[in-house]
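The chain contents come next:
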Amino acid sequence: MIEQENGELRIGVYVCHCGLNIAGSVDCEAVTEFARGLDDVVEASDNKYTCSDPGQDIIKNDIREHKLNRVVVASCTPRLHEPTFRKACEDAGLNPYLFEMANIRDQCSWVHLYDREGATAKAKDLVKMAVARARLLTPQYETEVPVTRKTLVVGGGVAGIQAALDLADQDYKVTLVEKEPSIGGKMAQIDKTFPTMDCSICILAPKMSEAGRHPNITLLTNSEVKEVSGYIGNFQIKVLKKARFVDEKECTACGDCADVCPVSMPNEFDVGLATRKAIYTPFAQAVPSAYIINMDDCLGDVPIACGKCVEKCEKNAINFDMPDELLELDVGTIIVATGIDVYDPTEMTEYGYRRYENVITSLEFERLINAGGPSGGHLIRPSDRQVPKTVGFIQCVGSRNEKKGNPYCSNVCCMNTIKDSLLIMEHWPDTKIKIFYLDIRAFGKGFEDLYKRSKSSGVMYIRGLPAEIKEDPRTKNLVIVSENTNTGKVEEHEVDMAILSVGLIPTKDSDVIQRLFTLSKTSDGFFMESHPKLKPVDAPTQGVFFAGCAEGPKDIKDSVTQASAAASRAGILMKAGKIKVEAITAVVNEDICNACGLCARVCPYNAIEVDTKNKIPAHVIEAACAGCGTCGAECRHEAITMRHFTDEQLLAQVDAVTEVDADKKIVAFCCNWCSYAGADFAGVSRMQYPPEVRIIRSMCSGRISEELVLHAFRRGAAAVLVAGCHLNDCHYIDANYQTKKRVEKLWKKLEKMGIDKDRLQLAWISAAEGEKFANQIKLMKGIIDKVSAREIKKTVEVLAV
Amino acid sequence: MSAISDINTMEGTAVILDEIVRQAYQCLECGRCTGSCPMVELFPNDFHPHHLLSDLTKDPEKVLKGYELWFCASCYKCNKRCPQALEYPYFIMQLRGLALAKNGVVPLRKAFSRIRTIIPFPVSFLSVCIHPERINLDPSIIDKMHRDHLSQKKKDKFPESGPKIAVVGSGPAGLMGAYELRKMGYRVSIFESQTNPGGMFSRAIPEYRLPLQIVLDEIENLQESGIEIRPNTTLGKDITLDQLLIQDFKAVLLASGAHSCKALGITGEDFEGVYTTLEFLEELKIKKKVINAKTVVVIGGGNTAMDAASAAMKYGAKEAFLLYRRTREEMPADMNEIREAEKNGVQIRYLEAPVGIHGVKSKFNQLECIKMELGEPDLTGRRRPVPVEGSNFILEADLLVIAIGEKPQIESFPEKIATGKDSTILVNPHSMETSIPGVFAAGDNVLGPATVPDAIIGARRAATGIDNYIKTS
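Computed from a prediction, not measured in an experiment: that's the story for all the values here.

**Student:** When you look at the pairing of strand E8 (residues 319-324) of chain B in this model, what are you seeing that I'm missing?
**Tutor:** On a regular strand, each side chain points to the face opposite its neighbour's, so the side chains alternate between the two faces of the sheet. Residues and elements named next belong to chain B. Among the six residues that make up E8, five are buried, leaving the element largely enclosed by the rest of the structure. Note that strand E7 (residues 295-299) and E8 share five bridges and pair parallel. Bridge assignment links Val 296 to a residue of E8, and that residue is Ala 320.

**Student:** Help me understand unusual backbone geometry, please; the structure alone is not making it clear to me.
**Tutor:** Across residues other than glycine, the phi torsion is negative in most instances, and most of the peptide bonds are trans. The amide bond that connects Phe 194 of chain A to the next residue, Pro 195 of chain A, takes the cis arrangement and shows omega of -5 degrees. Mapped onto the elements, Pro 195 of chain A comes out in the loop between strand E7 (173-177) and helix H7 (200-213). Note the cis peptide between Val 287 of chain A and Pro 288 of chain A, where omega equals 0 degrees. With respect to the helices and strands, Pro 288 of chain A occurs in the loop between strand E13 (279-280) and strand E14 (292-293). The backbone of Met 197 of chain A sits at a positive phi, close to 65 degrees, despite the residue not being glycine. For Met 197 of chain A, a relative accessible area of 14% puts it in the buried group. The phi angle at Ala 85 of chain B is positive, at roughly 60 degrees, despite the residue not being glycine. Residue placement: Ala 85 of chain B occurs in the loop between helix H6 (77-81) and helix H7 (88-103). A residue is classified by how much of its surface remains accessible, and Ala 85 of chain B, at 33% relative accessible area, is partly exposed.

**Student:** Where do I start with the sheet that holds E7 of chain B in this structure?
**Tutor:** Through backbone hydrogen bonds, the strands of a sheet pair up, either in parallel or in antiparallel fashion. Residues and elements named next belong to chain B. Pairing within the open sheet is parallel, and its five strands lie in the order E6-E14-E7-E8-E9. In the strand order of this sheet, the two ends are held by strand E6 (274-276) and strand E9 (347-350), each with one partner. In this sheet, adjacent strand axes meet at a mean angle of 20 degrees when their direction is disregarded. Sheet topology note: the E7/strand E14 (residues 399-402) ladder contains four bridges and is parallel. Residue Val 296 lies in a different strand from E14, and its bridge partner there is Leu 399. Sitting on the sheet, helix H15 (residues 277-285) is in contact with E6 and E14, with an inclination near 95 degrees to E6.

**Student:** Could you clarify how one ought to interpret the packing of aromatic side chains in this entry?
**Tutor:** We describe a pair of aromatic rings using the distance from one ring centre to the other and the angle between the two ring planes. What the rule picks out here adds up to 19 aromatic pairs over all chains. Centre to centre, the rings of Phe 443 of chain A and Phe 447 of chain A are 5.6 Å apart; their planes meet at 70 degrees, and the pair counts as edge-to-face. By relative accessible area, Phe 447 of chain A is classed as buried at 5%. With centroids separated by 5.8 Å and ring planes inclined at 80 degrees, the aromatic side chains of Phe 191 of chain B and Phe 249 of chain B adopt a geometry described as edge-to-face. Within this pair, whereas Phe 191 of chain B is found in strand E2 (residues 187-191), its partner Phe 249 of chain B is found in strand E4 (residues 249-254), the two being separated by 58 residues in sequence. In terms of burial, Phe 191 of chain B and Phe 249 of chain B fall into one category: buried. A cation over an aromatic ring shows up here: Arg 697 of chain A above the ring of Tyr 676 of chain A, its NZ or CZ 5.7 Å from the ring centre.

**Student:** Sorry, what's going on with the state of the cysteines here?
**Tutor:** Here, disulfide denotes a covalent bond that connects the sulfur atoms of two cysteines. All names here are of chain A. Applying the stated criterion across every chain yields a total of one disulfide over all chains. Covalently, Cys 199 is tied to Cys 202 through a disulfide, its sulfur atoms 2.2 Å apart. In this structure, the disulfide formed by Cys 199 and Cys 202 twists by about 75 degrees around the S-S bond and is classed as right-handed. Under the relative-accessibility criterion, Cys 202 is labelled partly exposed at 47%. Cys 254 provides the cysteine sulfur closest to Cys 313, a residue in no disulfide bond, and the two sulfurs are 6.4 Å apart. Judged by its relative accessible area of 18%, Cys 313 is buried. Between Cys 409, a free cysteine, and Cys 414, which holds the nearest cysteine sulfur, the sulfur-to-sulfur gap is 6.3 Å.

**Student:** What exactly am I supposed to notice about the domain arrangement of chain A here?
**Tutor:** In many reports, interface size means the accessible area that the parts give up when they come together. As far as domains go, chain A holds domain 1 (1-142), domain 2 (143-242 + 324-339 + 507-581), domain 3 (244-320), domain 4 (346-505), domain 5 (586-642) and domain 6 (645-801). The distance between the C-alpha centroids of domain 3 of chain A and domain 6 of chain A comes to 58 Å.

**Student:** What am I meant to see in a positive patch on the surface here?
**Tutor:** Positive charge collects at one region of the surface, where Arg 601, Arg 636, Lys 741 and Lys 745 of chain A lie side by side. Looking at the secondary structure, you find Arg 601 of chain A in helix H15 (residues 598-602).

**Student:** Would you mind showing me how to read the sheet that holds strand E24 (residues 489-495) of chain A here?
**Tutor:** Residue and element names in this part refer to chain A. Within the open sheet, the three strands sit side by side as E22-E23-E24. Their pairing is antiparallel. The open sheet is flanked by strand E22 (468-471) and E24, the only strands paired with a single partner. Taken over all neighbouring pairs, the strand axes of this sheet differ in orientation by 25 degrees on average, direction set aside. Here strand E23 (residues 478-484) runs beside E24; their pairing, made up of seven bridges, is antiparallel. By the bridge assignment for E24, Val 479 is matched with Glu 494.

**Student:** Can you walk me through the domain arrangement of chain B in this structure?
**Tutor:** Residue and element names in this part refer to chain B. Split by domain assignment, chain B resolves into domain 1 (4-118), domain 2 (164-259 + 407-472) and domain 3 (263-404). Taken together, the contacts link 15 residues of domain 2 with 11 residues of domain 3. Across the domain 2 to domain 3 interface the summed buried area is about 1100 Å²; carbon plus sulfur atoms make up 53%. Broken down residue by residue, the surface that domain 2 buries against domain 3 is led by Arg 203, Glu 207 and Tyr 208, which jointly contribute 51%. The shortest N-O distance in the salt bridge between Arg 209 and Asp 307 comes to 2.8 Å. The interface formed by domain 2 and domain 3 contains six residue pairs in polar contact (both at pLDDT 80 or more). At four residues, the largest contribution of residues to the side of domain 2 that touches domain 3 is made by helix H12 (residues 200-203). Counted by class, the side of domain 2 that touches domain 3 contains nine nonpolar, three polar and three charged residues.

**Student:** So what exactly am I meant to see when it comes to the packing of helix H10 (residues 362-369) of chain A against helix H11 (residues 413-427) of chain A here?
**Tutor:** For any two helices packed against each other, the geometry comes down to the angle between their axes and how far apart the axes lie. All names here are of chain A. Two elements in contact, H10 and H11, have axes whose closest approach is 12 Å; the angle formed by their N-to-C orientations is 30 degrees. The orientation of H10 with respect to H11, classified from their angle, is roughly parallel. Of the two elements, H10 crosses H11, and the hand of that crossing is left-handed. For the pair formed by H10 and H11, the contact residues are Ser 362, Phe 365, Glu 366 and Ile 369 on the first element and Asn 416, Lys 419, Asp 420, Leu 423 and Ile 424 on the second. Grouping the amino acids of the contact of H10 with H11 by side-chain chemistry returns four nonpolar, two polar and three charged.

**Student:** So what exactly am I meant to see when it comes to the interface of chain A and chain B here?
**Tutor:** Across the contact, 30 residues belong to chain A and 29 residues belong to chain B. The junction of chain A with chain B conceals about 2300 Å² of combined surface from both sides, 52% of it contributed by carbon and sulfur atoms. In this structure, the salt-bridge partner of Glu 468 of chain A is Arg 81 of chain B, at a minimum N-O distance of 3.9 Å. At the level of secondary structure, the elements contributing two or more residues to the side of chain A that touches chain B comprise E22, E23 and E24 of chain A. Its residues assigned to classes, the side of chain A that touches chain B comprises 10 nonpolar, six polar and 14 charged.

Conventions adopted
- Residues numbered from 1 in each chain as written.
- Chains lettered and ligands numbered in written order.
- Predicted model: local features only at pLDDT ≥ 70, side-chain atom pairs only at ≥ 80, totals over all residues.
- Heavy atoms only, no water.
- Buried < 20%, exposed > 50% of the residue type's maximum accessible area, 1.4 Å probe, protein only.
- Helix = DSSP H or I, 4+ residues; strand = E, 2+ residues; numbered from the N terminus.
- Pairing = 2+ DSSP bridges.
- Axes fitted to C-alpha atoms, helices over the stretch in contact; angles between N-to-C directions.
- Contact = heavy atoms within 4.5 Å.
- Phe/Tyr/Trp six-rings, centres within 6.5 Å; stacked < 30°, edge-to-face > 60°.
- Lys NZ or Arg CZ within 6 Å of the ring centre and 35° of its normal.
- Disulfide = S-S within 2.5 Å.
- Domains from an automatic or database assignment.
- Patch = residues over 30% accessible without salt bridge, like charges linked within 9 Å, V, L, I, M, F, W, Y side chains within 5 Å.
- Areas by Shrake-Rupley, 256 points an atom, 1.4 Å probe, with all protein chains shown as cover.
- Salt bridge = Lys/Arg side-chain N within 4 Å of Asp/Glu carboxyl O.
- Lys, Arg positive; Asp, Glu negative; His and termini not counted.
- Charge placed at Lys NZ, Arg CZ, Asp CG, Glu CD.
- Buried area = accessible area lost by both parts, 1.4 Å probe.
- Polar contact = N/O pair within 3.5 Å; in protein donor to acceptor, adjacent residues only side chain to side chain.
- Nonpolar A, V, L, I, M, F, W, Y, C, P; charged D, E, K, R; others polar.
- Parallel < 35°, antiparallel > 145°, perpendicular 65-115°, else oblique.
- Left-handed = near helix turned anticlockwise from the far one by under 90°.

Below, the structure written as structure tokens:
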């Protein structure tokens, strides 16, 4: 075994070119040369691709040959390749926690593409910081935690159903939670699917009933997740199962109750085109196949007023006093399959939706043409219940629009309209169909064929989005005004009915889901995946996976594919039954601790036990500690050590940054999950910002103690940034509220000391907000340019005590 | 984007042009601008908004030399519909400034010679729609065009034997409709409720934007083609629809506009010193009244509100506040109008609404307001303003203009006519025929307060509709 902790330090530094990704803007040879000159560095080399097998072999050989006991790789973000290099070190017999990375690609070369000098200087600093930290690294040993072999699937659309079935078939226990009275989701509302024109409910219904009767699946409909705690492998979930007022097991779905119910309400499943009773089943194939009472509609909550259904029910299944239940579940993995809503086009007043009867949305169309729908599958227009002879489809309603609706392409509307056009032609071949489009995106397997079929069946495709729909008040016919952009002429097309092909939007309650599972959203409002290419179904929160449209608009096939992928990812975790957790938890030095209890108060996980009355020192429950470091930042006596993110290590990084030209630099403390990832995202998107910033990573912004910030100023730094996740989006429940409190206190303190408080900035930057990060640095460049040498000197003097 | 004053420097010009071209590249070519543009309907061979954008990406200098630039009437429909949110009318305004500085007035003259073949009141139209005052266009150039138009106008002689048509209202819609019908050979009589013809042209557009004399000259010129105007005759009061039909008018075009100002519905609206927009603008224009009020408050967020507030500043107010109950995001006024009002020194206050008008001896002196916040979006997608309880405050002022929108005077319409939202008349979008056969409508009484080019195209359609109606009945 290599001498790891004591004795002579022997550090190896490996500078990666990443092809031209780094070498294009950073002089990698110069950086390597610089590294070689640093104390304790015994070996330094540069390599075109350090992550390649030969690249890793060099590291492994050097560990053996040069007896390296610390390894530093300067390349991409640790969020990508830290596991790779840790493994390489481990293979060569070095404890993986003695490895450190300098992020000279995502946070250097990519964001300073045209400033080779600045980028190279920054890369040298980043390497120096990494070496400084590496010197103080100590071996850590990961503990294993058990993984509960149960899954929570949130959302019972086709994605949720598929994920639940895949896992249940592998013998894992699954709880499927759905907020509606039945599973089935949007797919149940659609008539046919593209490109094969299968009947949607015909292929979905068997899956729904299979999910309903699978011995490994517990179905909780009319239910919502209320609380999530715990961590990968060991989540605790609270689910509110709202009262159905009908006993699911007793109800035979005979429908006698609905026959006598006097209340009539718009049926949500038919998008308001038909009515239902206060006691109802949303659609014929509903699972569970049991009625439900909507108590807001029911007259029976005052039993004297009405109780007709109770009298009628032979099985006595109806109970007005049925209570809501709060269920507690323990699960190891979670699949988020919360789906989408459709865009409401009312705000696009020029199309007259809700003003003109014969303007409908594509989802309403699905119900109208569906045999189980309100018109029994007869396409009739709402104003006079006649079969329309001319139909216009308008594409991109609420999609690809910066002003109204959403800027993104909704992915499915083109194909859905093409399918709809063929459905109409199939039943009423004489119908004249005009499709007004911007671009037809028929990119999937079998899509182009369907498009061609539609065109050859006589459907007119007219390029250009309509400017306006007008109504003839007498006939209720519609006039679609549109530039035919192929000819440049403005045309008016009279149609009997216009169908707005509406886009997909994140569900209304996606904010709640985001908070419950500490997820991030991309700018379009859908959940952000852990890595867009390589971990497309993993959430950034470990143990949580995505299926279906929650992660982005997609069609049924992609939703099902993703669901199976998510199930497989969750299965891999649960099959092992245990998982190693990073050795980054807190350790209390009981000799120093005076049992003041502050750490326990700020711990978001209640992972610290302390008896303040009897002065029994604090004690960390390791399995519960997530390693945010808030306790360590709060402890006034330095009695808490955060493993792998110790005060000494972080201070050494600050020292390294501020050794030369501190007065021109920004020291940025960024949390691993959001702001550090946001800085990486700025890199991936090649957003350019000034090179004066040096980022120091911690797991949570809650880790950044007062002393760390003051130390940076004491060392002459021009400005300091503390950046974390948005409030309420913290990956450690609410630890960033402590950050906020601490920085606000620091501002006061700085002011008192006569130091410009603008030099300390606090920013909430999510993993998707690369632009925000870049703008923050641009803003701070303005601040540091204004800070005078005198001011910095004064700061250093004031803090010197 | 850079301010328009940058045009004075070479660098400024290049920066503005570069920025516009950069934005022009973002066009998705969906055609919603062209489809919604009323000027395309009037000048299909001269103007094409989205092609102009693509020309800009190819050769911006050529666009600056072209006459196409001068057709946009700044109605902002394109901007409201552009999925890329491009502010087309603002580009055009800036380009016109650049074009004037670089290439002089020749392209404008060429455009004008086209415009006057279609629009019978071309100088009024230009003055209102291209905003010469915003692009530093010398007023003498407009004067010259006006004189040329009057002298060059061929005295069209149309037959005197055609059927008689009655037009109600002599605003842009009425005049356009009358002219088109006259060209087709009909004998046209316009019934105008005011003494001066011209509708909003002569009542509401501030004098600094459009001198009354220009309007009257152009109408006089138009009358020479054989159109009769009967002033001081109000439909529903001085004459009824039935009487018109008895007098042998074969069809009627209702172009009576939207002159009924909406009221706030709070106390004190009848106080001295409280005006509706129309009253206020009319005072300024016709009675040539100079404002001796120090502080003017305008309530509303539309183009008319902006015009009233700007006019207040132009005509002597020390300060003018504009109160709007939502935020700038939701404001219905066009960006150009908001910019212009701000440039004129109007102070726009968002999220504030009036709750009471106070005064001494029925003379207004205080406006009680309340702060608002935005709630859930309403059906039009705009977030509903909700009052913040207990946030009342007093605004001292001596003149109040209520500019929260106008609607047609429903009381003047024939009883049987079908109307829709905000008392507007429902018409067949092709023929503009109302629910009463033989009665057609165009302009603001169909659209609600809208723009001059929209009134014109409606009237043109109605004229064709009437022609078809008469030929087939």
